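Per-entry structural report
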Amino acid sequence: GGTNNASHAKTLSARGSKAVPIMNSIEDNYREGIAKKKRVVWVANLKPRKRPELFIELARCLRGSGYEFVMIGRFQADTARYLRLIDEESASNPDFGYLGGMSPREVDEILLESEIFVSTCEPEGFPNNIIQACLAKCVIISFNYDPDGVLGRYAAGYVPETFAGMVEIIQNLMAGKGDKEMAERARVYALEHHSLGRNMARFN
């Protein structure tokens, strides 16, 4: 069988099912020379396991920082609750905006000119949105979850374990105290493991 992350493949193999990790392959829409804006982006379907409320809380905590906080995704569950949270934050925070659902190509265009990408989802596979952010040379912040240990192993992103830790990391990035090479390493990792052309050749 196939799975999109190595830890799941290992679990299946331990149960006697031969499984090969076939990593998600993403189209690379990166272009050189696009300036990064002071922008923090969150991309996922809005439902409890993606924990969008954490990003809205993050935007509230860092209001007035000079950065904009942009949320992208379609409502999938608890719509009334998330709509209320988004409406409340939009009304009180000029730095926060919700753009609705977008195609992968449209998301790539937003990420291309954004500095920071935040993932708040509960542990699950290897999220495509993190790969997209790696290819777009965003600084990745994945709350309390490092898929396959990749972000730590390749020094390709931050994995804060607490909400306060996540706020602190972003404040440091905003102050120019972050790892300047991290976004470069994230792109190198994604090209090596998630390139559409390379993986088609590898698994054909």
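Look above for the structure.
Residues numbered from 1 in each chain as written. Predicted model: local features only at pLDDT ≥ 70, side-chain atom pairs only at ≥ 80, totals over all residues. Heavy atoms only, no water.

**A word on the overall build of the chain**
Across its full length, the chain carries nine helices and seven strands. Burial status across the chain gives 46% buried among its 204 residues. For the chain, contacts bridging at least 24 residues in sequence account for 68% of all contacts bridging at least 6. Carbon and sulfur atoms make up 52% of the accessible area of the chain, which totals about 9,800 Å². (Helix = DSSP H or I, 4+ residues; strand = E, 2+ residues; numbered from the N terminus. Buried < 20%, exposed > 50% of the residue type's maximum accessible area, 1.4 Å probe, protein only. Contact = heavy atoms within 4.5 Å. Areas by Shrake-Rupley, 256 points an atom, 1.4 Å probe, with all protein chains shown as cover.)

**Here's the deal with the layout of surface pockets**
When its volume is computed, the largest pocket comes out at roughly 440 Å³. If you trace the largest pocket, you find 24 residues lining it, with V43, P104, N128, N129 and Q132 closest to the centre. Breaking the lining of the largest pocket down by element, the ones donating at least two residues are α4 (104–112) and α5 (128–135). Here the lining of the largest pocket gets four residues from one element, more than from any other, and that element is α4. Here the second largest pocket is characterised by a volume of approximately 300 Å³. Where the lining of the second largest pocket is concerned, the elements lending two or more residues are α7 (163–174) and α8 (182–194). Here the residues of the lining of the second largest pocket are counted per class, giving five nonpolar, two polar and seven charged. (1 Å grid on protein atoms, 1.4 Å probe; cavity = no way out; pocket = protein on both sides within 12 Å on 5 of 7 lines; lining within 4 Å. Points joined across faces, edges and corners; volume = space filled by probe spheres on them. Nonpolar A, V, L, I, M, F, W, Y, C, P; charged D, E, K, R; others polar.)

**A short note on the nonpolar core**
Of all hydrophobic cores here, the largest spans 31 residues; its most connected members are F55, L58, F69, V118, I141 and I170. Counting only elements with at least two residues in this core, the list comes to β3 (37–43), α2 (52–61), β4 (68–72), α3 (79–92), β6 (114–119), β7 (139–142), α7 and α8. In contact with F55, not counting residues within four places along its chain, are V40, V41, W42, F69, V70, M71, F96, V118 and T120. L111, F117, L151 and Y189 belong to the second-largest nonpolar core, a separate cluster that totals 24 residues. (Core = buried A, V, L, I, M, F, W, Y, C linked by side-chain atoms within 4.5 Å.)

**Digging into the packing of α5 against α8**
Running from amino to carboxyl end, α5 crosses α8 at an angle of 120°, the nearest separation of the two axes being 7 Å. Classified by the angle between their axes, α5 and α8 sit oblique to one another. As for how α5 packs across α8, the hand of that crossing is left-handed. Contact with α5, carried on its side by I131, C134 and L135, involves A183, A186, R187, A190, L191 and H194 of α8 and no other residues of that element. (Axes fitted to C-alpha atoms, helices over the stretch in contact; angles between N-to-C directions. Parallel < 35°, antiparallel > 145°, perpendicular 65-115°, else oblique. Left-handed = near helix turned anticlockwise from the far one by under 90°.)

**Regarding the packing of aromatic side chains**
Inspection of every chain in the model, using the stated rule, returns five aromatic pairs. The structure contains a cluster of three or more aromatic residues connected by ring pairs, namely W42, F55 and F69. (Phe/Tyr/Trp six-rings, centres within 6.5 Å; stacked < 30°, edge-to-face > 60°.)

**Structural notes on α7**
For α7, spanning 12 residues, the distance from its first C-alpha to its last is 17 Å, which sits close to the expected 16 Å at 1.5 Å a residue. A positive phi of about 80° marks G176, the residue just after α7. (Expected span 1.5 Å × (residues − 1).)

**Re the environment of D108**
Looking at the element boundaries, D108 is found in helix α4. Classification of D108 by relative accessible area gives buried; the value is 10%. With residues up to four places along the chain from it excluded, the contact list for D108 reads E27, N29 and Q132.

**Details of the sheet that holds β3**
Sheet strands associate in pairs through backbone hydrogen bonding, adopting either a parallel or an antiparallel arrangement. Spatially, β5-β4-β3-β6-β7 is the arrangement adopted by the five strands of the open sheet, whose pairing is parallel. For this open sheet the edge positions go to β5 (96–98) and β7, each flanked by a neighbour on one side alone. The sheet shows a mean angle of 20° between the axes of neighbouring strands, direction not considered. For β3 and β4, the ladder comprises five bridges, and the chain directions are parallel. Each residue of the ladder has a partner; that of V43, found in β4, is I72. (Pairing = 2+ DSSP bridges.)

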